[in-house]
Amino acid sequence: MAKLQQASSLPNAKDYIVLLILSLIWGSSFILIKKSLIAMDPIQMGAMRISISSLAFLPVLWYHRSKIQKKVLVPIALVGMVGSCIPAFCFAYAQTYLSSTTTGLLNSLTPIFAFVIGVLF
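1. Observations concerning the overall build of the protein
Then step 1. A count of helices and strands for the protein gives five helices and zero strands.
Then step 2. Secondary structure elements of the protein occur, N-terminal to C-terminal, as α-α-α-α-α.
Then step 3. For a compact globule of 121 residues, the expected C-alpha radius of gyration is about 14 Å, and the protein comes in at 19 Å, more than 25% above that figure.
Then step 4. Here the C-alpha coordinates of the protein stretch approximately 60 × 40 × 35 Å along the principal axes.
Then step 5. Looking at the 121 residues of the protein, the share that counts as buried comes to 12%.
Then step 6. Put simply, 74% of the contacts in the protein that link residues at least 6 apart link residues at least 24 apart.
Then step 7. Per element, the accessible surface of the protein, about 10200 Å² overall, is 74% carbon and sulfur.

2. Some details on the side chain of Ser100
Then step 1. Within the secondary structure, Ser100 is located in helix H4 (residues 100–108).
Then step 2. Look at Ser100 and you get buried, because its relative accessible area is 15%.
Then step 3. Beyond its immediate sequence surroundings of up to four residues, Ser100 is in contact with Phe30, Ile31, Lys34 and Gln95.

3. Let's talk about the confidence of the model for the protein
Then step 1. Taken residue by residue, the protein gives an average pLDDT of 87. The fraction at 70 or more is 93%.
Then step 2. Ranking the elements of the protein by mean pLDDT puts H4 last, at 85, and helix H2 (residues 42–63) first, at 92.

4. A look at helix H1 (residues 13–36)
Then step 1. In this model H1 runs 34 Å from its N-terminal to its C-terminal C-alpha over 24 residues, within 8% of the 34 Å that 1.5 Å per residue would give.
Then step 2. At the N-terminal end of H1, a side-chain oxygen is found 3.2 Å from the backbone nitrogen of Lys14, two or three residues along, and the residue is Asn12.

About the cut-offs
Residues numbered from 1 in each chain as written. Predicted model: local features only at pLDDT ≥ 70, side-chain atom pairs only at ≥ 80, totals over all residues. Heavy atoms only, no water. Helix = DSSP H or I, 4+ residues; strand = E, 2+ residues; numbered from the N terminus. Rg over C-alpha atoms; globule rule 2.2 N^0.38 Å. Buried < 20%, exposed > 50% of the residue type's maximum accessible area, 1.4 Å probe, protein only. Contact = heavy atoms within 4.5 Å. Areas by Shrake-Rupley, 256 points an atom, 1.4 Å probe, with all protein chains shown as cover. pLDDT = per-residue confidence, 0-100. Expected span 1.5 Å × (residues − 1). Polar contact = N/O pair within 3.5 Å; in protein donor to acceptor, adjacent residues only side chain to side chain.

Right, here's the structure in full:
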């Protein structure tokens, strides 16, 4: 019987570096949205974010195209709209009135709100 390896419960330096890089990428997106709104309106900003993410996801979709069943296309599109498309436009619109700090903070509360709504349902 193979010996199971136990995961270390303490984070190492690599874990902290990955967390720092992820935080910088995630946090800078709100600053970049705010700066981009100088040259674009919120609709253009949201459309650009969705277009770029769609282009990035296209190779994955192409690779797995034969595994995707036609009956799940509508639910997948619905989840994509609710989870990605609508928030991209809402955050761009919100940042015309709010600071990037406030919108980043509100976005970080998403898991808590999802938990509360899940408990209520």
